[in-house]
Amino acid sequence: MQFIRIISISLMGLLGTEVTFADDHILGDDSDMMGFEESGLGGSGFDLPAFDSNLVPVVLTATRIQQHQSDVPASVTILDSEFIQNLGTNNLAEVLRYVPGIMMGPDKNNNVDSLNYHGGESSLPKNLQVLVDGRSMYRAGLASVSWYEMPVAIADIDRIEVVRGPNSASYGANAYQAVINILTKHPSDTYGTTLSFEAGENGQEDVFLRQGGRIDETDYRVSYTQKNDDGFSNSNDTRNTRFLNFDSYKHLGSGGELELSVVVSDSERDLRKKVTVGEGDNEVVIQTNDNEVNETRSEVGIQWTKDFSNKHQLSVKSYITYFEQKQLVQVAGVPNLYLDSDLLALNALSSDNADILIAAVGSGNLSAAVAFIDTLPTDQQVLATNFVTTYSTGAIGNISGDINANLDEFRFDIELQDTYIYNSNLTFVSGVSFRRDVVDSEHYFDGELYSNTSRMFGSITWKPNDKTNLHLGGMIEKEEFSDSVFSPRAAINYKISPSESLRYVYSESVRSPDFFEQFANWTLEVENVPQSNLLNGNTFYKVGRGPGMIEHQKIVSNELGYYGRLNDYAAELDVRLFHEAESKVLYQSLSVDDFIAENDNTIDHFGIEWQVQVNPFSNTLLRMTAAYVEVDTSREDNGAKLRVYAKETATATWMQGWGSRVSTTLNYFIVKDLDDTNVNSNRTRIERFDGRISKGLNLASIDADIYMNFQHDISSDTYLWDSTYYTDSTRLVLGASVAF
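Across its full length, the chain holds ten helices and 38 strands. For a compact globule of 740 residues, the expected C-alpha radius of gyration is about 27 Å, and the chain comes in at 27 Å, within 12% of that figure. A burial count over the chain gives 58% of its 740 residues as buried. Put simply, 65% of the contacts in the chain that link residues at least 6 apart link residues at least 24 apart.

Right, let's talk about helix α6 (residues 351–362) for a bit. If you check α6, its first and last C-alpha atoms are 16 Å apart, about what twelve residues at 1.5 Å a residue would give, namely 16 Å. Among the residues of α6, those classed as buried are N353, A354, L357, I358, A360 and V361. Along α6, the residues classed as buried sweep out an arc of 160 degrees about the axis, all on the same side. Facing away from the buried side of α6 by over 90 degrees, the exposed positions are D352 and G362. Taken together, the buried residues of α6 touch α5 (341–349), α7 (366–373) and α8 (378–391). Looking one or two residues beyond α6, the residue adopting positive phi is G364, at roughly 80 degrees.

This paragraph deals with a negative patch on the surface. A surface patch of negative charge is lined by D440, E442, D446, E448, E525 and E527. Within the element layout of this structure, D440 appears in strand β22 (residues 426–441).

What follows covers empty space enclosed by the protein. Sizing a probe to match a water molecule and rolling it over the atoms shows the empty space that remains. For the structure on display, the rule yields twelve cavities of 30 Å³ or more. Considering the residues around the largest cavity, the lining is formed by 39 residues, among which E94, D229, R688, Q711 and Y726 are closest to the centre. Looking at the lining of the largest cavity residue by residue, the classes come out as 13 nonpolar, 13 polar and 13 charged. Considered as a void within the structure, the second largest cavity measures approximately 370 Å³ in volume. Along the walls of the second largest cavity sit 29 residues, with R435, E479, S512, P513 and D514 positioned nearest its centre. Considered class by class, the residues forming the lining of the second largest cavity number ten nonpolar, nine polar and ten charged.

A separate point is the sheet that holds strand β8 (residues 157–164). Ordered by their spatial adjacency, five strands build an open sheet running β3-β8-β9-β6-β7, and the pairing between neighbours is mixed. For this open sheet the edge positions go to β3 (75–80) and β7 (135–136), each flanked by a neighbour on one side alone.

Definitions and limits used
Residues numbered from 1 in each chain as written. Predicted model: local features only at pLDDT ≥ 70, side-chain atom pairs only at ≥ 80, totals over all residues. Heavy atoms only, no water. Helix = DSSP H or I, 4+ residues; strand = E, 2+ residues; numbered from the N terminus. Rg over C-alpha atoms; globule rule 2.2 N^0.38 Å. Buried < 20%, exposed > 50% of the residue type's maximum accessible area, 1.4 Å probe, protein only. Contact = heavy atoms within 4.5 Å. Expected span 1.5 Å × (residues − 1). Arc of directions from axis to C-beta. Patch = residues over 30% accessible without salt bridge, like charges linked within 9 Å, V, L, I, M, F, W, Y side chains within 5 Å. Areas by Shrake-Rupley, 256 points an atom, 1.4 Å probe, with all protein chains shown as cover. Salt bridge = Lys/Arg side-chain N within 4 Å of Asp/Glu carboxyl O. Lys, Arg positive; Asp, Glu negative; His and termini not counted. Charge placed at Lys NZ, Arg CZ, Asp CG, Glu CD. 1 Å grid on protein atoms, 1.4 Å probe; cavity = no way out; pocket = protein on both sides within 12 Å on 5 of 7 lines; lining within 4 Å. Points joined across faces, edges and corners; volume = space filled by probe spheres on them. Nonpolar A, V, L, I, M, F, W, Y, C, P; charged D, E, K, R; others polar. Pairing = 2+ DSSP bridges.

This is how it looks when you write it as structure tokens:
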């Protein structure tokens, strides 16, 4: 009965108990590593020390409970705050280059960074679940992540945990290939005032302000971040973003703990390409203003956690996100016949016939148009005749006006998680969740759409003996417009020693097609037209229409892994051998006049990846990662689907503290043959040194730092596309920060 009660108690799905970790000082000695109890967050059976007696770190994300890494049924990469800070970048996507298997490339059409695990699209990749303190960063409508604009400051991050491999069993349908969980610092760890400013080449100019303290029994933190970047040379890809974060924590005594997060952000980014009509030599730019997207995000999250005993914990978490995108496209010189309502209706019946007809009428060859009409079916003849009649008397002309490409997205998510420690060898996790997604756009969807998703999840972690850990978990999901899906995971960890283990993990995950992939009704409607007398309609005859409900994309993963904390060598090593078989893989072309969505494809990934970290001397850290990934696909030309893919990637890092608060970082990374599966690719090779030199200063009661960050391109190849390159191979950024 007790087991049934534990499994049935539940509520809603994304992340469970939220715990912030004390800083792991990479460049310090072991005495600097604080456990949970030392930081004031411990005391219950749910809070493990940040490191065990063998210096094996704690992982939270993989199974929704705290486990030391040698017990975790997954491959996990941990990037802590000091490592992240010393990388010398303000872009989270650049930070994640140092995770084995993660591949990064520019999305030139949307002016965002594309991040994939084992390869994927450059435009709006969707195969990773990205969380900030348990809140999903994926947008409800287009299911995309804007890494540069993501509203979390680098200085506020405590650690990033990346679960490499499918994890829908814990986090649902879109934890497809990996989960990236960004955990921010506890407000009690950020008391005082911090100010920083940095500026450098390519228009980089960043400001960060933070104030933390305690009011009555509540710890709080307020952060403001402003970032500006002109992007690549000779590309129209400037990005500007500003965001304000408020986080608070209050201990309610016997009533538990309450955490609140509020985010407000706004940003602008230029798009490289303006709107055109026609193709090839006949392509004409019709947009007259700068192609710019403005975005705002408002988010409120709350979590209540209650320990009923040192064995039983209940957590309720909820958040609301409102996202607004505004884009006004001003056009001129648009041939009015492209906007004809009869041509629009004809295109819905046969796009090929509409193209033939408009080519004949546009060139003035009316006799050919009339002859062609005679070959059409009756229903198409009526529309074609009306179209030819309208423009046979010289009524062709150019118009101007506005295209409104606005989009509103809303998400409400609530989850309950129940954790029960039956004994030191057996733990149960169960929960349920509900999510509502709403999108509203005349441009992308012809109005408002919504979807409700319900989830139920559970897992059992059992240690039958000192050598063996067994894990079994799964999640059932039901979405508004699709069938129920079940995502299981089973794993076994065998301890070679207290700090070393071998693991085998079997998991299945699914990815839900988003609103746009399924229900797009992408139209170019021209409004505010002064030449209204020339119009017989105001919507471009090509419309990007989704196919309707699409089956879930599926992945089946088998992995063999090794984790070891080798204290005799001051080293940590993780190795993953994997085979991941994808089916029902969705291909979608993001062009309104050639809109295709098909999901009868397969991709197999197999290979090896590893990461090793060594502290050979005091205040020295050496770290290396590498991945070798082969792919086997059912589609001959995978250029679009695997644009951001490379068979071989590697990174190397040397961080050194020199005394007198002087530290340096030198990073190297290489991406060999990026875009390797594209038959038309130039086989891009990206190879670069990054670094940082920092000097700390004590000025009375002020703690200050001055630093220089740099990037130096070794390879002369472009960053994936011909237009994404830097004129200067070496780029510098200077910065300073003060804290008091």
